Amino acid sequence: MAANILEIRDLVDVVSHHTIIDHLDFAIEEGELRVLVGPNGAGKTTLIDLITGRHRPTAGQILFKGERIDGRARHEIYRLGISRKFQVPTVYDNLTVFENMSIGLRGHRSVFSSLGYRITPAAAEQIERILAEINLLERARDEALTLSHGEKQWLEIGMVVASDPQLLLLDEPTTGMTREETNATARLIRDIAKTRSVMVVEHDMSFVRQIARTITVLHQGGKLAEGSVRDVENNPRVAEVYLGKAKISAAS
Ligand SMILES: Nc1ncnc2c1ncn2[C@@H]1O[C@H](COP(=O)(O)OP(=O)(O)OP(=O)(O)O)[C@@H](O)[C@H]1O
Ligand SMILES: [Mg+2]
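Remember, predicted model here, so these are calculated numbers, not experimental data.

Caption draft 1: Examining the sheet that holds strand β9 (residues 214–219) more closely. Spatial ordering of the open sheet is given by β6-β7-β8-β3-β9-β10, a layout of 6 strands whose pairing is mixed. The sheet terminates laterally at β6 (82–85) and β10 (222–227), the two strands that pair on one side only. Neighbour to neighbour, the strand axes of the sheet diverge by 20° on average, direction disregarded. As defined by bridge partners, β9 adjoins β10 across 5 bridges and the pair is classed as antiparallel. When the bridges of β10 are listed, T216 appears paired with E226.

Structure representation (structure tokens):
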């Protein structure tokens, strides 16, 4: 059995007397592509904030490759090899697609220094390879503000890939995408996951079915269910949580 790249032990996060993450135990194996689902407010984004050091947990442990990372600084966790894509794309609108990618390559912290920095031919080649993968090679010289919402999502995924992480955390990567763009994103994520560990937060079940091996269902900050797509879709507790929300097909 593969080792765990990420392990979360008895994690608790309390914000203004509200328990957002409630004694959560959770692990992702090395090389795994995991999907995290759950109704609005379940704590999915908060969990990513805690893993990436944007926010400190109240209690519990987060281990990356067996090493404690909870409470560490954001840049330190990033340097260890964990990168995230935000729920709302955070690309730099007035920079070109290529320039945005060069920031991804150098890391978000060095936005100004990376603009003055001359990209080596090897780095430019790597950016072009990733741009081809995310279908944006033709748009390399265009300002990011000319991209559609779906294309911005791809650009941000590309920036995350360019930072060469071992674990990618993608928060709702298909929001605002057409069905065709969503299908292309499923292919893209399956490709990325061939060489890295990936956790994807997603609501769109037809997308989830295209990529998922194991799904974890988060509800009120705790783990409600975990298993294959079929297990989760047939789980009556999951159906109950989603009932009336029609966001997971188990409810229908
Ligand atoms: N800074 C904060 N202060 C107070 N409450 C917060 C804060 N951040 C998040 N919350 C609350 O924490 C809960 C979990 O929010 P979170 O954004 O993690 O949910 P989510 O599962 O990502 O939801 P969605 O599917 O809508 O993105 C929500 O009830 C939210 O209102
Ligand atoms: Mg969220």
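Caption draft 2: Region of interest: the packing of aromatic side chains. In the structure shown here, the tally under the stated rule is 0 aromatic pairs. The lysine or arginine in question, R141, covers the ring of F98, its NZ or CZ lying 5.0 Å from the ring centre.

Caption draft 3: Here's a closer look at the side chain of R84. Tracing the sequence through the fold places R84 in strand β6. Within polar-contact distance, the side chain of R84 engages the side chain of D49 at 2.8 Å. Apart from the residues within four sequence positions on either side, R84 is in contact with T45, I48, D49, T52, R54, E156, V160, L169 and D171.

Caption draft 4: Just the nonpolar core, in detail. One finds L131, L155, V198, I215 and V217 to be the most contacted residues of the largest nonpolar core, which totals 48 residues. By residue number, the principal contributor to this core is helix α6 (residues 149–162), which donates 7 residues. Once you skip the residues sitting within four places of it in the chain, I215 turns out to touch R34, V35, V37, M205, V208, A225, E226, G227, V229 and V232. The next biggest cluster of nonpolar side chains, apart from the first, holds 24 residues, and it includes I28, F64, I77 and L218.

Caption draft 5: Structural detail: unusual backbone geometry. Positive phi is not limited to glycine here, since S16 has a value of about 40°. Assessed through its relative accessible area of 57%, S16 is described here as exposed. At Q220, a position not held by glycine, the phi torsion is positive, near 50°. Since its relative accessible area comes to 58%, Q220 is described here as exposed.

Caption draft 6: Spatial organisation of the sheet that holds strand β4 (residues 59–64). The 4 strands lie next to each other as β2-β1-β4-β5, forming an open sheet whose pairing is antiparallel. The sheet terminates laterally at β2 (18–29) and β5 (67–68), the two strands that pair on one side only. Of the pairings in the sheet, the one linking strand β1 (residues 4–15) to β4 comprises 5 bridges and is antiparallel in character. By the bridge assignment, I8 is partnered in β4 with I62. Sheet strands touched by helix α1 (residues 44–51): β1, β2 and β4. Its angle to β1, the strand with the most contacts, is close to 115°.

Caption draft 7: Broad picture of the pattern of salt bridges. A full pass over the atoms with the stated rule returns 17 salt bridges. Put simply, D204 and R179 hold a salt bridge, and the shortest N to O gap is 3.1 Å. Taken together, the residues D204 in the loop between β8 (197–201) and α8 (205–211) and R179 in helix α7 (residues 179–192) connect sequence positions 25 residues apart. Using a relative accessible area of 43% as the deciding quantity, one classes R179 as partly exposed. By sharing partners, the salt bridges in this structure join E32, R34, K223 and E226 into a single network.

Caption draft 8: View of the environment of N235. Within the element layout of this structure, N235 appears in the loop between α9 (229–233) and α10 (236–242). With relative accessibility at 19%, the residue N235 sits in the buried group. The sequence separation of N235 and T19 amounts to 216 residues, and the corresponding C-alpha distance is 25 Å.

The rules behind each value
Numbering of residues starts from 1 in every chain and runs along the sequence as written. Each chain is given a letter, starting from A, and each ligand a number, starting from 1, according to the order in which they appear as written. Only residues with pLDDT of at least 70 are given local features in this predicted model, and only at 80 or more are side-chain atom pairs given and counted; all residues enter the totals for whole chains, interfaces and linings. Hydrogen atoms and water are omitted, and side-chain values are computed over all heavy atoms in the structure. Two strands are counted as paired when DSSP detects at least two bridges linking them. Only DSSP runs of H or I reaching four residues or more are called helices, and only runs of E reaching two or more are called strands; each is numbered from the N terminus. As a rule, the C-alpha atoms of each element are fitted with a line to give its axis, helices using only the stretch in contact, and angles between N-to-C directions run from 0 to 180 degrees. Aromatic pairs are defined between Phe, Tyr and Trp rings, using the six-membered ring for Trp, whenever the two ring centres lie within 6.5 Å; interplanar angles under 30 degrees are classed as stacked, those over 60 as edge-to-face, and all others as tilted. Definition used: whenever NZ (Lys) or CZ (Arg) falls within 6 Å of the ring centre and also within 35 degrees of the ring normal, the charge is taken to sit over that ring. Definition of a polar contact: a pair of N or O atoms within 3.5 Å, with one able to donate and the other able to accept a hydrogen when the atoms are protein atoms, and with sequence-neighbouring residues admitted only if both atoms are side-chain atoms. Contact between two residues is taken to exist if any of their heavy atoms lie within 4.5 Å; hydrogens are not considered. Put simply, a nonpolar core is a bunch of buried Ala, Val, Leu, Ile, Met, Phe, Trp, Tyr and Cys residues held in one set by side-chain atoms that sit within 4.5 Å of each other. Burial classes: relative accessible area under 20% of the type maximum marks a residue as buried, over 50% as exposed, and values in between as partly exposed (1.4 Å probe, protein chains only). Throughout this description, the term salt bridge denotes a Lys or Arg side-chain nitrogen within 4 Å of a carboxyl oxygen of Asp or Glu.

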